[in-house]
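Tertiary structure, described
These are the residues of each chain, in order.
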Amino acid sequence: MQTIFELMSFNFELSVNQKIELPNTHKVELYIKREDNIHQFISGNKYRKLKYNLQEAQQLGFDTLLTFGGAYSNHIAAVAAAGKTYGIKTIGVIRGEELIDKIDTNPTLQFAQSQGMQFKFVTRSAYRDKENEGFLNTLKEEFGNFYLVPEGGTNQLAVKGCEEILQPEDDTFDYICCAVGTGGTISGLINASKPHQKILGFPALKGDFLSINISKFVTKDNWELITDYHSGGYAKVNKALIDFINQFKHQYSIPLDPVYTGKLMLGVIKMIEANYFKNNTKILVIHTGGLQGISGMNKRLKAKELPLINE
Ligand SMILES: *Cc1c(COP(=O)(O)O)cnc(C)c1O
């Protein structure tokens, strides 16, 4: 029997390490791993995190995946696209009851719906309790049996998939930098890293639960969270961040997303400018994708009369 992923067409050859030419005054080497190129919608780390979960669901005979997310979630978009491509039913439990009338104005939900995802909109307080057995049982009564993929897709199988991001040729890097949401991606990078390497995680949100989450999945201690670059919190943006994303795309032709990779790259470049890294350090930044979120963010920016991200 062919597994789901043998049937999938992904552009792994496009996930290359691209050099970022810095001004001569900076004596470090900076590269970006283009995981955003793997797939238009199941991009970057969301592919890595789904890979073994989809295989497990298939092996256990499930025909439905259920997962959770916010209205602009890259994970929701990725699960919906994976379901459509491989003929698996998908159910998205979405935070915010009011969104039920707003599907048509939300690009992520609209996309997920076009891929056949069925939604259940819940209040923020119900969403907080989403892992409770009682709530899961009501979902099973409503939708039948399903394979549960956690919020953001992070579990042991997701971490296993993220361990495949680093390749043998990446051993020459001294630092590996990535954005952090739930901590699954950085956990895989830590597990796959070599002892001489240091993994720096840039949380996209405030909160100190992340270290605890990561510690559940890793045994090494060659990592650190850099908490200064979340720009005010999850999905919070300001003009400096938007200007940076637009300027970076103009200069290097590499798009960054406003929730994760833009904040990450801004942080890394600020740290380079502040001489955080020694001369001749080789730094690899992981582009985890997330570009589907740009048009949704632009709608919000337009409403606030802020500058837009160039699409
Ligand atoms: C989901 C996501 C992350 C966060 O990954 P975690 O494994 O949850 O830490 C980072 N970057 C992008 C683009 C994402 O979509």
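Before any of the text, the structure's been laid out above.
The present account deals with the structure reproduced in this document. Keep in mind that what you see is a predicted model, and the values were worked out from it rather than measured. (Residues numbered from 1 in each chain as written. Predicted model: local features only at pLDDT ≥ 70, side-chain atom pairs only at ≥ 80, totals over all residues. Heavy atoms only, no water.)

1. A closer look at the site of the ligand
Using the following cut-off: The rule for a residue being near a molecule or strand is that one of its heavy atoms must lie within 4 Å of it. In protein, a polar contact means a hydrogen-donor-capable atom and an acceptor-capable atom, both N or O and within 3.5 Å, with residues adjacent in sequence counting only if both atoms are side-chain atoms; elsewhere, any N or O pair within 3.5 Å suffices. Residue exposure ignores everything except the shown protein chains as possible cover, and the areas themselves are Shrake-Rupley values with a 1.4 Å probe. Secondary structure follows DSSP: runs of H or I at least 4 residues long count as helices, runs of E at least 2 residues long count as strands, and numbering of each begins at the N terminus. In this count, Pro and Cys sit with the nonpolar residues alongside Ala, Val, Leu, Ile, Met, Phe, Trp and Tyr, while Asp, Glu, Lys and Arg are called charged and the others, Gly among them, polar.
Near the ligand lie 15 residues; those nearest to it are Lys46, Lys49, Asn74, Thr182 and Thr288. In this structure, an oxygen atom belonging to the ligand sits 2.6 Å away from a side-chain N or O atom of Thr182. Here an oxygen atom of the ligand and a backbone polar atom of Gly183 are 2.8 Å apart. Within the complex, the protein chains bury 98% of what would otherwise be the 390 Å² of accessible surface of the ligand. The element contributing the most residues to the shell around the ligand is helix H2 (residues 44-59), with 3 residues. In terms of residue class, the shell around the ligand is made up of 2 nonpolar, 11 polar and 2 charged.

2. Observations regarding the layout of surface pockets
To keep it simple, the criterion reads: Here the term cavity refers to a set of points on a 1 Å grid, laid over the protein atoms alone, in which a 1.4 Å probe fits but cannot get out; the term pocket refers to an open set having protein on both sides within 12 Å along at least five of seven lines, with lining residues being those that place an atom within 4 Å of a point. Grid points are joined across faces, edges and corners, and a volume is the space filled by probe spheres set on the points.
For the second largest pocket, the calculated volume is near 200 Å³. As for the second largest pocket, its lining consists of 14 residues, and the residues nearest its centre are Gln40, Phe41, Gly290, Leu291 and Gln292. Here the lining of the second largest pocket gets 3 residues from one element, more than from any other, and that element is helix H4 (residues 107-114). Residue composition of the lining of the second largest pocket, by class: 4 nonpolar, 8 polar and 2 charged.

3. Observations regarding empty space enclosed by the protein
As enumerated under the stated definition, the model contains 1 cavity of 30 Å³ or more in all. Considering only enclosed or pocket space, the largest cavity measures out at about 30 Å³ in volume. Lining of the largest cavity is provided by Ile245, Asn246, Lys249, Pro255, Leu256, Ile294, Ile309 and Asn310. Ranked by the residues each element gives to the lining of the largest cavity, the list is headed by helix H10 (residues 239-252), at 3 residues.

4. A word on the sheet that holds strand E6 (residues 147-149)
Selection rule: Any two strands with at least two DSSP-identified bridges between them are counted as paired. With axes taken as lines fitted to C-alpha atoms, and helix axes fitted only over the stretch in contact, angles between N-to-C directions fall between 0 and 180 degrees. Residue contacts are counted whenever heavy atoms from the two residues lie within 4.5 Å of one another.
Reading across from one edge, E5-E4-E3-E6 is the order of the 4 strands in this open sheet, with parallel pairing throughout. Looking at which strands have only one partner, the edges of the open sheet turn out to be strand E5 (118-122) and E6. Ignoring which end each strand starts from, the neighbouring axes of this sheet average 20° apart. By the bridge criterion, 6 bridges tie strand E3 (residues 64-69) to strand E4 (residues 89-95) in an arrangement that is parallel. Each bridged residue has a counterpart across the sheet, and for Thr64 the counterpart in E4 is Lys89. Contacting E3, E4 and E6, helix H3 (residues 74-86) crosses the sheet at an angle of about 165° to E3.

5. Comments concerning the packing of H2 against H3
Inclusion rule: When describing relative orientation, an angle under 35 degrees is termed roughly parallel and one over 145 degrees roughly antiparallel, while 65 to 115 degrees is termed roughly perpendicular and anything else oblique. With the far helix as reference, a near helix turned anticlockwise by less than a right angle produces a left-handed crossing, and one turned clockwise produces a right-handed crossing.
Where H2 contacts H3, the axes come no closer than 10 Å and their chain directions differ by 50°. With respect to H3, the element H2 is oriented oblique. Of the two elements, H2 crosses H3, and the hand of that crossing is right-handed. Packed against H2, whose contacting residues are Lys46, Leu50 and Leu54, the element H3 presents Asn74, His75, Ala78, Val79 and Ala82 at the interface. When its residues are assigned to classes, the contact of H2 with H3 shows 5 nonpolar, 2 polar and 1 charged.

6. Structural notes on helix H11 (residues 261-273)
Filter applied, for reference: Helix span, expected: 1.5 Å multiplied by one less than the number of residues in the helix. For the exposure calls, accessible area comes from a 1.4 Å probe over protein chains only, and a residue counts as buried if that area is under 20% of its type's maximum, exposed if over 50%, partly exposed in between.
With 13 residues, H11 should reach 18 Å at 1.5 Å per residue; the first-to-last C-alpha distance of 18 Å fits that figure. For H11, the tally of buried residues reaches 11 of 13 residues, placing the bulk of the element in the interior. Residues of H11 that are buried: Thr261, Gly262, Lys263, Leu264, Met265, Leu266, Gly267, Val268, Ile269, Met271 and Ile272. Buried positions along H11 lie against strand E2 (29-34), strand E7 (175-180), strand E8 (198-203), H10 and strand E10 (282-287).

7. Regarding the packing of aromatic side chains
The line we're drawing: The aromatic pairing rule takes the rings of Phe, Tyr and Trp, using the six-membered ring of Trp, and pairs them if the centres are within 6.5 Å, calling planes under 30 degrees apart stacked, those over 60 edge-to-face and the rest tilted.
Under the definition given, this model contains 12 aromatic pairs. Relative to Tyr276, the ring of Tyr175 lies with its centre 6.5 Å away and its plane at 65°, an arrangement referred to as edge-to-face. Of this pair, Tyr175 sits in strand E7 while Tyr276 sits in the loop between H11 and E10, placing them 101 residues apart in sequence. With a relative accessible area of 18%, Tyr175 lands in the buried category.

8. Section: the pairing of E10
The buried count for E10 comes to 6 of 6 residues, which makes it a mostly enclosed element. Here E10 shows two buried faces, one formed by Lys282, Leu284 and Ile286 and the other by Ile283, Val285 and His287. Both E2 and E10 contribute to a ladder of 6 bridges, which runs parallel. Pairing of Leu30 across the sheet is with Ile283, part of E10. Here 3 bridges tie E7 to E10, and the two strands are oriented parallel to one another.

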